[in-house]
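# What the coordinates show
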Amino acid sequence: MQESSAAGFGQILASIGELFVWVAQNIALAFYNFGYAVTNPSLWLDWSDKQAIMRFVYYGGSVEFFFVVFTTFLIVTAIGMWKRNFMWAIVRGLEGFANTTGRFFAWAGLLMVLQQVIIVFMQRIFTRPDIVFGFGVPLQFDISWYAEELKFYNALVVALCASYTFVQGGHVRVDLVYAGVKYRTKKMIDMIGSLIFMLPAATLIWLYGWFFMWRHLIVPKPSASDKLERLIAKSRALRWNVETIGFSPNGFSGYFLFKILLVAFAGMIFLHGIAFFYRSYLEWKEGPESEGKYLDKDTLGEGEEAYEGTH
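These numbers were taken from a predicted model, which means no experiment stands behind them.

The next subject is unusual backbone geometry. The omega torsion of the bond from Val 219 to Pro 220 falls at -5°, within 30 degrees of zero and hence cis. Position of Pro 220 relative to the elements: it lies in the loop between strand E3 (218–219) and helix H10 (228–234). One non-glycine residue with positive phi stands out, namely Tyr 294, at about 65°. Assessed through its relative accessible area of 42%, Tyr 294 is described here as partly exposed.

Written as structure tokens, this is what we have:
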């Protein structure tokens, strides 16, 4: 019995050792893979070559790409811990990107409202089955097309404004212990949460969404289990087959855009997970006086501060 337990424990240690060796090898190879990709862009960016498209599809969800990103994160983190001003610059850049993107695409909410008003007018007052824009060769779609397109505006707000809302502190938080702990403990919780939950979740969504997106853009359909050699072989029969089928006969025909938004959402959440980890670390390191440092939060304007946070 003791011998079997010892053997099982030894196998666990061996497996852990193999895992560490595998991670170390992939981190070392990340430098080569990154250098090779940068010095040979035509192999994956020349989309006139079908093999280049398949390489792009493969590497976007590959172990190689993951470790290039992971190794970059380790290097940037090490430099940031040495030079805190550098890490603050990364935080400001990533939060600025989230704010700029979110503030721009938040206007899709207004477009959604205006388009809904136009649809109601065209249906109830003018009793038209379609809406026509332009002169000469006009843009003409059935009203059901415009009605279904409202989902796309909503998806723009959800996917591209999520990290912006996080920066602004607008997401709902369920607080069980956070409010009652000390300042530095809060920052530790934020750091652990970003590394344990936020970044892995964004990575899983990316891996799922990447191949889900490409399966609605090209045929033969790629699979996450396909090796590079298999995808290169499939490239001989490759052709674009962009999804244009709506839920109704005359409905919105751009549903492939939702797949692209899923990937964009995962990428932005991943980047902001890094920014949130860095900000939490810096605020933990520098103390309470650095809380909210360089944070670009929206305001209702001078004289309206009393209304902020009440709606």
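Having seen the structure, we can now continue with the description.
A separate point is the environment of Trp 206. Within the fold, Trp 206 resides in helix H9 (residues 183–214). Look at Trp 206 and you get partly exposed, because its relative accessible area is 22%. Residues Trp 206 and Val 263 lie 57 residues apart in sequence; the distance between their C-alpha atoms is 5.6 Å. Setting aside its immediate chain neighbours within four residues, Trp 206 contacts Gly 60, Phe 65, Val 263, Ala 266 and Gly 267. Reaching out from Trp 206, the side chain makes a polar contact with the backbone oxygen of Gly 60 at a distance of 2.8 Å.

Next up on the list: the environment of Leu 295. Within the element layout of this structure, Leu 295 appears in the segment after helix H11 (256–286). Taking the C-alpha atoms as reference points, Leu 295 and Tyr 36, separated by 259 residues in sequence, lie 38 Å from one another. In this view, Leu 295 contacts Glu 95, Val 167 and Arg 279; residues no more than four positions away in its chain are not counted.

So, about the packing of helix H6 (residues 108–125) against helix H7 (residues 143–160). Here H6 crosses H7 at 165°, and the two axes come no closer than 9 Å. Here H6 is positioned roughly antiparallel relative to H7, judged by the angle of their axes. The way H6 lies across H7 gives a crossing that is left-handed. Here Ala 108, Gly 109, Leu 111, Met 112, Gln 115, Gln 116, Ile 119, Met 122 and Gln 123 of H6 lie close against H7, whose contacting residues are Ile 143, Tyr 146, Ala 147, Glu 149, Leu 150, Tyr 153, Asn 154, Leu 156 and Val 157. By residue class, the composition of the contact of H6 with H7 is twelve nonpolar, five polar and one charged.

Our next topic: the packing of aromatic side chains. One pass over the structure, following the stated rule, counts 31 aromatic pairs. Aromatic pair Phe 252 and Tyr 255: ring centres 5.6 Å apart, planes at 70°, arrangement edge-to-face. Across this residue pair, the class does not change: Phe 252 and Tyr 255 are buried. Cluster of aromatic residues (ring-pair linked, three or more members): Trp 44, Trp 47, Phe 56, Phe 65, Trp 206, Trp 210, Trp 214 and Trp 240. Positioned over the ring face of Trp 82 is Lys 83, at 4.9 Å from the centre of the ring.

Reading the values: rules and limits
Residues numbered from 1 in each chain as written. Predicted model: local features only at pLDDT ≥ 70, side-chain atom pairs only at ≥ 80, totals over all residues. Heavy atoms only, no water. Helix = DSSP H or I, 4+ residues; strand = E, 2+ residues; numbered from the N terminus. Buried < 20%, exposed > 50% of the residue type's maximum accessible area, 1.4 Å probe, protein only. Contact = heavy atoms within 4.5 Å. Polar contact = N/O pair within 3.5 Å; in protein donor to acceptor, adjacent residues only side chain to side chain. Axes fitted to C-alpha atoms, helices over the stretch in contact; angles between N-to-C directions. Parallel < 35°, antiparallel > 145°, perpendicular 65-115°, else oblique. Left-handed = near helix turned anticlockwise from the far one by under 90°. Nonpolar A, V, L, I, M, F, W, Y, C, P; charged D, E, K, R; others polar. Phe/Tyr/Trp six-rings, centres within 6.5 Å; stacked < 30°, edge-to-face > 60°. Lys NZ or Arg CZ within 6 Å of the ring centre and 35° of its normal.

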